[in-house]
Every structure is written in C-alpha cells, then in structure tokens.
Amino acid sequence: MSAPYDFLCRSRAPRAWVLRPCGSGTRPACSSERGGVAEFANSLSIASQNIKRYNLFLKRRFMFTKSLQSKDSIFFRDGIRKIDFVLSYVDDIKKEGDIKVDRRREFELNLRKTGLELETEDKRDSEDGRTYFVKIHAPWEVLVTYAEVLGMKMPIKENDIPSPDWNPFSFVLGPLKLKKSVKQPHPEYFTAQFSRHRQELFLIEDEASFFPSSARNRIVYYILSRCPFGTEEGKKRFGIERLLNSNTYSSAYPLHDGQYWKPSEPPNPVNERYVLYKNWARFSYFYKEQPLHLIRKYFGEKIGIYFVFLGYYTEMLSYAAVVGLACFIYGLLSMEGDSSSREICDPNIGGQILMCPLCDKLCDFWRLNSTCLASKFSHLFDNESTVFFAIFMGIWVTLFLEFWKQRQVKLECEWDMVDFEEEQQQLQLRPEFEAMCKHRKLNPVTKELEPYMPLYSRVPWYCLSTATVTLWMSLVIACMVAVIVYRLSVYATFATLMESEKTLEPVRSILTPQLTTSLTGSCLNFIVILILNFFYEKISAWITKMEIPRTHQEYESSLTLKMFLFQFVNFYSSIFYVAFFKGKLVGYPGKYTYMFNIWRSEECDPAGCLIELTTQLTIIMFGKQLFGNIKEAIYPLILNWWRRRKSRTNSEKLYSRWEQDHDLESFGSLGLFYEYLETVTQFGFVTLFVASFPLAPLLALLNNIIEIRVDAWKLTTQYRRPVAAKAHSIGVWQDILFGMAVLSVATNAFIVAFTSDIIPRLVYFYAYSTDTTEPLKGYINNSLSVFLIADFSNRSAPTEKRDFLTCRYRDYRYPPEHEAKYSPNMQFWHVLAAKMTFIIVMEHVVFLVKFLLAWMIPDVPKDVAERIKREKLMTVKILHDFELNKLKENLRMNSDLFAKEVRIQENKGELAKSTM
C-alpha cells in the first residue's frame, strides 16, 4: 500500500474499523526503511486480516434490510450502534420555518462535533408522514469522557461482603418476596469514580453493555442540554430545552428497551421494561415487594428513591391502619352503650328538649332527638380511644421519620451514593440561567469566571412571585368564605324544605338540615379546590421559571415552596375552619355573632363538631385520592389511544420503536415533583387531623397500594422513558415532613380539646356528676343552657310564634333568672381550663417521647456504618494495589529498556574493537 494509508487498524469504538495513516502511532508499527523484510511481511499479514474483517463488517452492514430491522429495534440501521436518545420534529412552513431549520442544522452539527453519532429517519417513513426522527448514539469515547465529567461510579470488583438481609420472618413473608433474579438481577460491586485513563481498573467485559442504558441516556441528555445552536439577539443560545420550548424540536426522549408485553429476542439485550411490567406494574402483584434495584437501574436513582419512599410509607401506614381500625371497632362496639347518644335518642329526654332555631326567622324550634343518628355516628370517632390514637400517631410519625433516615442511609450504601455530591447534579448551573446571564463573577473556590446575575435583576420577579402566591392564597380563603356563606344561606332553605315536603319524611331522620348542608358544602368546596389547584400549577411553574433560578436545586426548592404553601392552604383551610373556628364564636340566642353583619355564624351539632370535621376530611381526602388515581391512569391512556388511532398502521406491533415511544405521553421534568406533592399532601391528611378520623391511615394505605401499581403501570406502559437522574434523598420534602410532624402534635391536641366532646364529658364525670352508678347520666342536659324566648331580638326571632317560654342551646351560661344571665358560668371556665391543661400535657408528653426516640434511634445503623467503612477500605485497597502493580510494571518496562540499551552500547563497543 503505497499511499497514504498503509494498513487498517482498529479504533477504540467497538466493532468499528478505520483507516489510519502510516506513522500515526498505531500498532503494529508500519514498515520503514530501517525495518527488515520479516517485519514488513508481518505488517502486510496483519493488514490483510484487518481488511478481511472490515469487508465482513461492511458486508454485514449493507446486507442489513431496514424494513426488517426498523419496526421494533433499539439500534441504528446497521443493527450494531444502540439508540441512546431520539429527537423528533415536524417541518414548519411558517415564516419561522427557516430559522428552525438553521437552528436544527447548527445544533446537530455541534452534536456531531462532541462525538455523538446521528441518524435521521425521513418523514416519508414515519406513520403520520410528517415527522422526522433523529436517532442519537454515544460511542465509547464519548461515554468514557462524560462518565468522568459526571463523576459516575463504575464497578471495579465484585463485592464479597455478605449481605445482612437475613430476617427471622422470611419464611412467613415468602409469598411477598420476588424471585432473586428479579429483586437482585446483578451482583453487588466495589466501585470507584470512573477515569478514562485507568480503564484497566474497571470490569469492562463488553464495551456495549458496560454503561447501563440509564447512564447512557443521562450522558447524552447532559450533552444535549449544553450544546449550542447559534447566537440570537447578541446572546449565545444553547440547550435542547430551549429548542423544545420554541417548537424547533417537538420532543426529545430516550427509548424504552422494547415492548412491555413480550421479552426481547436474542441477540438483543434483556428487555428490562418487560421484566418490570411483569413483576411490578401488574395489579395482581399488589401484595409483592418492589424490584427496587431494577427500578433504579432502568429509571435512575431519582425515580427509584421515590418508589422506595412510597413503599416504606405504605409499610408504616399498615401499623397505623391496624391501630386506627381497632379504635373504630371500639367505637362501633360501644355505640349502643354511649350514654350521650342514648339520652339524645330517648323520647323522654331528647324528645322533650326544645332547641333554639339554627337560623334567623325562617328556621323553627326543633327537638333534640332529631339528631339521634348523627350523635351515634359521632360516637364512632369521638370516644375514649380518640385520645389514645392521637398520642399514638404523634409517636408513630416520629418513628416514621427516624426509621426513614435509617432506610435512606442504607439505600445510599446499597446504591453506592455514600460520597454522592449534590454539586454533580442539583448544583449544576441551569442552561437557562447561563443563557440569560450577561455578567461574570470570579468563583472564590475554583478561581474561574462563572455566570452571575445581580440581585437587582431578580428583585422584580421575586416581588411578583410573592404577590402572586399571596393573591392566590387570599383567593383560596375567599373561596372558603364563599362556601361558608353558601352553607349559611342554604341551611334555612334545606330546613324549610324538609319540614314542608312530605316525600322527604322517610329520610328526614338521616338527612338532617345540618348533615345535608355539610355534605353539599364539602362537595362544593372540593370542586373549588380542584379548579384552583389546576390554574395555580400553571402559574407557579411559569413564575418560578421567570425567577431564573441559578441551579436545578434552587428551581425545585422555589417551586416546592410555592406549590406546598398553596396546597396547604387550598386543601386544609376548610378543615382548619371546621376544626378550630366553627361553633366557637357563635354567641348566644339573644346576641348572635354575624359574618359581615349579614349571615349568622354556624353552630355545631349538640353532639359536637367532630362528625362534621370527619365528613369534611373524608370527602376531601377520598375525593382527592380517587380523582388523582383516575387522572393518572385514564388521562395518559386516552391520549396514547388517540395518538395511535391517528397512525396509519393503527397498531403498536407494526410501527417503529421510536415512533411507539413518541406516541406515548411525556413524563416531564416535574412529573416526580407532583407525585411527591400528592404523597406529602396525603401525609398531612393522615397526621394533622387524624384524631377526628381514625380510618384515615387505612384509606391512605389502600390508596397507596393502588398508587404504587398505577405509577408503575403508567411509567412502564403509558409514558416515555424519563431521563435518568441521580439523587440520594427525597430532598426538601423531608424537611416539609418534619415540619408537618411537629405541627400534627399541636393540631391533634387542639382537635381533642376543642372539637371533640371528650374534655367536657371528663369534667362533668369528675366534677359535676351526682350519679355514682352512671356518672355520665344527665350530661346532655348539663351541657345545654336555657334561653328565654322573649329575649330574642327582632332580627333572630322566628316568624312563627310558639307556646314555649324557653329553648336550649349548646353552651355553659347562666340561666335567664340569674343576675348575670347569659354570661359564662363557672363550669365554662372549668372546661376551658381543662382543655388548655390537656393541650399542654399532651404536647409535652408527645414531644418528650419524640425527642427520646430521636435520641435513641441512630441516623446511621451500626451495621450500615461498619459496612460503609469496610467498602471504603476495600475500595482504597483495590485502587492502591492497582496503582502499585501499574508502577511496578512501568518500572520493569523501564529497566528492560535500560538493560537493552546497555547491551546495545556494549555490542557497539565490541563491534568497534573488532573492526579496529
């Protein structure tokens, strides 16, 4: 071969052969004038073998039929290079079409410059005849370079430390376990941060499979998010997100491994999507554990840790659900023996007590026994077990958070994230921030100029953000007030309707005006909550984006704060109102308090406000969970069906893998954020108001069992594969959970003290009861004060006159004949003092137990700490041995060269002597 290429040599890329010029430093060395005939013949022989291999490679590539390959393949047309990412776009014939074409051309050119390989599918081959697909492959050189940049840890030796997973109940829990091949598909390894200059250290058996697909798509997305596509308006523009926002590209996504309903066929790699669907996403596996290691391998650590948290939360809920169910059963069994409901239902007691009207003018007097059924229902949740359950949940939430810390640390050890630095992911500068920055500032640590945005540039957006959040929270309060007004205004209508309509006679004992108003008001409030939530989600995401946060962590923290504050006010404000305000500032019949001087304040049922609080909590909690699951399951299913319906083949089995994934719904960068938000909101329902509804943990448990499988099903079947990302914790959500845990102690103490009827009954039991055989006998009569009907004001007196002198109302006030009539009596102050004492004692007891438990339970279990130290020691030892062996080899090579040079010099000397 005379010029300019003497032979073929193999590059680092797998299965790829390239021509290289003579003398380029490749091996075997080219023959030269100084080489002998034997060396030249050897070079020709090796070159001949390489040519044969290259011809075989070309023959294999050109014989490959695209029509047979492209229907369901994760490879380029050559069948060798794996597709790591896909971009899609549609020709735009509008005036901006040329700009988009230029952007795409420049962007793809720069992608090729980084080393990525691209292959474009023409729109004529797509199912809709309009969409182009750009397939991206990251060769070995790109992978090793960016694996080092991203600080990826890769295996260096199989881990020989025995796993401490032995469980004495493993035999009993056997049916709940998955097969080991699914639960732990690969052995554990000692790992080290990857270095392309020390590749011999790592266990690279096959370059094509060394980096898992999640790591590959993470590397490619890192490049895509920082690749420039030109300069516009004097600013450098870069990043795939900008191109997606401007519709230059319509989508960007990594491919699933294959179809979820069937395994892959050899020689294709294992279809992990199918394995996940079969062992995780099916509802028939609801009782099985999750394949967490496989989830992490396929979707990345960030999604993996969400499912770890959801599974752990569900497991802990099972204990709270059992205790809550036991408290409910106790209330059910003791319902008939409850003296308060017996007195209310007794025709000779409750039937003889005439109650004052519940609204002005239109409402009539009513008999106490008309609330018989409501009082029995109230006892289900308002009994002696309420106090016990409130204290138990205060301790449960502490154990939940402390054991989660341990689980998180154990997870860091198992998933090799002990030394994971947040800077590598969350603290990286957002491409949007870099693009918008005009200033540069010297980093005192790195001594490099970095993009910098002065505070004065952000202040207007911060002000707008604060004003918007405040406005929307005010809007929530206004809507809650509007619902209260609705309840006040329609109560009289319901009361009049039920009195006049004979057809409602059969249900009058069940659907009382109070219950009807409460149910309709709660349903209306839930609808308003959903509407406000829908619009606020859009606005908060837009405002956070306009703030131009510096890092991904700042972006997520800012959005989390906005969304959680709004969700907290939106979902909990009406429950706070019923729990702590309704019936507390009513006044008394002669001097009622009025809202806006128009509507009279709401009163509680004689059996207390707890049953209404339970109703409100149940409707909002159950409705939100039901709506959320339906939305998560039905919405993507309908969208994907509609997209497939528009395709020409109308069958997933016929069109290409990238088009199948293209027609799926996008999970989005905020998909996981909304999953966490939903879970934390549910956590608030379970902890903040659980004293009013012991079945809340059971409802949450049943919902989460379904939620895990719904989330698994939609991720494996209905959504495009998300880009993998690393995370070692649940982030800012953990701080929110701690805050809610502390707040829950106070809210449950106040619910037991001020909303429940427990404390007034206990005061009567110990201080005012005169019956030693039945200490609570006469409690209902004692808790109702007397009002002289003649003292009604013209504004509140009923229009119809009755032949009664007095009526009763719920309060502790002096009777009309007392000199301090209608003023709070001594029992009022005794009950108030008892309530405040209970709150102080309960809070101190629960907080003391919480602090003791937090102190006793270490954040890092002893066995995990020892395992971490052992793995670090072994990793250091492996690295040390590798470097030592490498140094010895280099020294031996140098000594051999030195000895060879000495022998050459000695031979030259002897030759010179002989010639002389």
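It should be noted that the structure appears before, not after, this text.
What this report covers is the structure whose coordinates are included nearby. (Residues numbered from 1 in each chain as written. Predicted model: local features only at pLDDT ≥ 70, side-chain atom pairs only at ≥ 80, totals over all residues. Heavy atoms only, no water.)

1. Details of the overall build of the protein chain
Line of reasoning, step 1. Within the protein chain, the secondary structure is distributed over 27 helices and 20 strands.
Line of reasoning, step 2. Counting across all 916 residues of the protein chain, residues that qualify as buried make up 48%.
Line of reasoning, step 3. Considering only contacts in the protein chain between residues 6 or more positions apart, those separated by 24 or more positions represent 75%.
Line of reasoning, step 4. Accessible surface for the protein chain amounts to roughly 46100 Å². Of this, 61% is attributable to carbon and sulfur atoms. (Helix = DSSP H or I, 4+ residues; strand = E, 2+ residues; numbered from the N terminus. Buried < 20%, exposed > 50% of the residue type's maximum accessible area, 1.4 Å probe, protein only. Contact = heavy atoms within 4.5 Å. Areas by Shrake-Rupley, 256 points an atom, 1.4 Å probe, with all protein chains shown as cover.)

2. Overview of the sheet that holds strand β5 (residues 131-137)
Line of reasoning, step 1. Reading across the sheet, the four strands line up as β4-β5-β3-β10 and stay open at both edges, with antiparallel pairing between neighbours. Only two strands of the sheet have a single neighbouring strand rather than two, namely β4 (117-121) and β10 (251-253). Taken over all neighbouring pairs, the strand axes of this sheet differ in orientation by 20 degrees on average, direction set aside.
Line of reasoning, step 2. In terms of strand pairing, strand β3 (residues 85-90) meets β5 through six bridges, oriented antiparallel. (Pairing = 2+ DSSP bridges. Axes fitted to C-alpha atoms, helices over the stretch in contact; angles between N-to-C directions.)

3. Considering the environment of R810
Line of reasoning, step 1. Along the polypeptide, R810 turns up in strand β20 (residues 806-810).
Line of reasoning, step 2. When the C-alpha atoms of R810 and C604 are compared, they prove to be 8.3 Å apart, with 206 residues separating the residues in sequence.
Line of reasoning, step 3. In terms of polar contacts, R810 uses its side chain to reach the side chain of D757, at 2.6 Å. (Polar contact = N/O pair within 3.5 Å; in protein donor to acceptor, adjacent residues only side chain to side chain.)

4. What about the pairing of β5?
Every other side chain in a regular strand lies on the same face of the sheet, so the side chains alternate between the two faces.
Line of reasoning, step 1. In terms of residue burial, β5 counts as a mostly covered element, since seven of its seven residues are buried.
Line of reasoning, step 2. Residues T131, F133, K135 and H137 point to one face of β5 and Y132, V134 and I136 to the other, with burial holding for every one of them.
Line of reasoning, step 3. Inspection of the sheet shows β4 paired to β5 by five bridges, in the antiparallel sense. Each residue of the ladder has a partner; that of L118, found in β5, is I136.

5. Let's talk about the packing of helix α14 (residues 384-414) against helix α23 (residues 732-755)
Line of reasoning, step 1. Running from N to C, α14 and α23 cross one another at 170 degrees; their axes reach a closest spacing of 9 Å. What the angle tells us is that α14 and α23 run roughly antiparallel. Counting all contacts with α14, which are made through T386, V387, A390, V397, F400, L401, E402, W404, K405 and Q408, the residues of α23 involved are Q734, L737, F738, A741, S744, N748 and V752.
Line of reasoning, step 2. In the contact of α14 with α23, the residues fall into ten nonpolar, five polar and two charged. (Parallel < 35°, antiparallel > 145°, perpendicular 65-115°, else oblique. Nonpolar A, V, L, I, M, F, W, Y, C, P; charged D, E, K, R; others polar.)

6. As for the state of the cysteines
Note on terminology: a disulfide is the covalent bond linking the sulfur atoms of two cysteines.
Line of reasoning, step 1. With the rule as written, the count across this model stands at three disulfides.
Line of reasoning, step 2. Paired through a disulfide, C345 and C372 show a sulfur-sulfur distance of 1.8 Å. Looking along the S-S bond of the C345-C372 disulfide, the torsion reads about 100 degrees, which is the right-handed sense. One end of the pair, C345, is in helix α12 (residues 339-345); the other, C372, is in helix α13 (residues 372-381), with 27 residues separating them in the sequence.
Line of reasoning, step 3. Each disulfide pairs two cysteine sulfurs, and for C359 the partner residue is C363, the sulfurs being separated by 1.6 Å. Here the S-S torsion is close to 100 degrees, and the disulfide linking C359 with C363 is therefore right-handed.
Line of reasoning, step 4. The buried category is assigned to C359, whose relative accessible area is 9%. (Disulfide = S-S within 2.5 Å.)

7. Some points on a nonpolar patch on the surface
Line of reasoning, step 1. A surface patch of nonpolar side chains, amounting to about 780 Å² of accessible area, comprises F622, L626, I630, I634, L637, I638, W641 and W642.
Line of reasoning, step 2. You can see I630 is positioned in helix α19 (residues 610-646).
Line of reasoning, step 3. Residue I630 is classed as partly exposed on the basis of its relative accessible area, which comes to 46%. (Patch = residues over 30% accessible without salt bridge, like charges linked within 9 Å, V, L, I, M, F, W, Y side chains within 5 Å. Salt bridge = Lys/Arg side-chain N within 4 Å of Asp/Glu carboxyl O.)

8. Re the environment of K236
Line of reasoning, step 1. Note on placement: K236 falls in strand β9 (residues 235-238).
Line of reasoning, step 2. Take K236: its relative accessible area is 53%, and that puts it in the exposed class.
Line of reasoning, step 3. For the pair K236 and M436, spaced 200 residues apart in the sequence, the C-alpha separation amounts to 9.0 Å.

9. Points about helix α10 (residues 292-299)
Line of reasoning, step 1. With six of eight residues buried, α10 is to be regarded as a mostly interior element.
Line of reasoning, step 2. Buried residues of α10: L292, H293, L294, I295, Y298 and F299, and no others.
Line of reasoning, step 3. Of the surrounding secondary structure, the elements contacted by the buried residues of α10 are α5 (180-183), α7 (213-224), α9 (272-279), α11 (301-333), α14 and α22 (696-718).
Line of reasoning, step 4. Of the residues trailing α10, G300 is marked for its positive phi of about 100 degrees.

10. Focus on the packing of aromatic side chains
Line of reasoning, step 1. As enumerated under the stated definition, the model contains 61 aromatic pairs in all.
Line of reasoning, step 2. Relative to F381, the ring of F328 lies with its centre 5.8 Å away and its plane at 35 degrees, an arrangement referred to as tilted. Remark: F381 occurs in helix α13 and F328 occurs in helix α11; sequence separation between them is 53 residues. The same class applies to F328 as to F381, namely buried.
Line of reasoning, step 3. One Lys or Arg, R721, reaches over the ring of Y298 and ends 3.8 Å from the middle of that ring.
Line of reasoning, step 4. A cation over an aromatic ring shows up here: R795 above the ring of Y594, its NZ or CZ 3.7 Å from the ring centre. (Phe/Tyr/Trp six-rings, centres within 6.5 Å; stacked < 30°, edge-to-face > 60°. Lys NZ or Arg CZ within 6 Å of the ring centre and 35° of its normal.)

11. Remarks on the environment of F738
Line of reasoning, step 1. Inspection of the secondary structure puts F738 in helix α23.
Line of reasoning, step 2. C-alpha separation for the pair F738 and L401, spaced 337 residues apart in sequence, amounts to 7.4 Å.
Line of reasoning, step 3. Those residues within four positions of F738 in sequence are excluded, and the remaining contacts are L401, E402 and K405.

12. Let's talk about the pattern of salt bridges
Line of reasoning, step 1. Tallied over the entire structure, the rule returns 37 salt bridges.
Line of reasoning, step 2. Between D757 and R810 there is a salt bridge, and its shortest N-O distance comes to 2.6 Å. In this pair, D757 sits in the loop between α23 and α24 (758-768) while R810 sits in strand β20, placing the two residues 53 residues apart along the sequence.
Line of reasoning, step 3. By relative accessible area, D757 is classed as buried at 4%.
Line of reasoning, step 4. Notably, a salt bridge pairs K821 with D791, separated by 3.5 Å at the nearest N-O pair. Highlighted residues: K821 in the loop between β20 and α26 (826-856) and D791 in the loop between β19 (784-788) and β20, separated in sequence by 30 residues.
Line of reasoning, step 5. Of the residues examined, K821 reaches a relative accessible area of 38% and is grouped as partly exposed.
Line of reasoning, step 6. One salt-bridge network, in which partners are shared between bridges, spans R77, E119, E121 and K135.

13. Some remarks on the side chain of E343
Line of reasoning, step 1. Residue position: E343 is located in helix α12.
Line of reasoning, step 2. One buried charged residue, E343, forms no salt bridge at all, with the nearest opposite charge on R342 at 6.8 Å.
Line of reasoning, step 3. If we skip the residues at most four places from it in the chain, E343 touches I349, G350, L776, K777, G778, Y779, I780 and N781. (Lys, Arg positive; Asp, Glu negative; His and termini not counted.)

14. Looking at unusual backbone geometry
Of all residues except glycine, most have a negative phi; of all peptide bonds, most are trans.
Line of reasoning, step 1. One non-glycine residue, D416, lies in the positive phi region at around 60 degrees.
Line of reasoning, step 2. For D416, a relative accessible area of 23% corresponds to the partly exposed category.
Line of reasoning, step 3. Positive phi is not limited to glycine here, since Y822 has a value of about 65 degrees.
Line of reasoning, step 4. Within the fold, Y822 resides in the loop between β20 and α26.
Line of reasoning, step 5. The exposure class assigned to Y822 is buried, which follows from its relative accessible area of 6%.

15. Here's the deal with α9
Line of reasoning, step 1. Of all the residues in α9, the buried ones are E272, R273, Y274, L276 and N279.
Line of reasoning, step 2. The elements touched by buried residues of α9 are α5, α10, α20 (657-662) and α22.
Line of reasoning, step 3. Looking at where α9 begins, the residue whose side-chain oxygen comes 3.2 Å from the main-chain nitrogen of R273 is N271.

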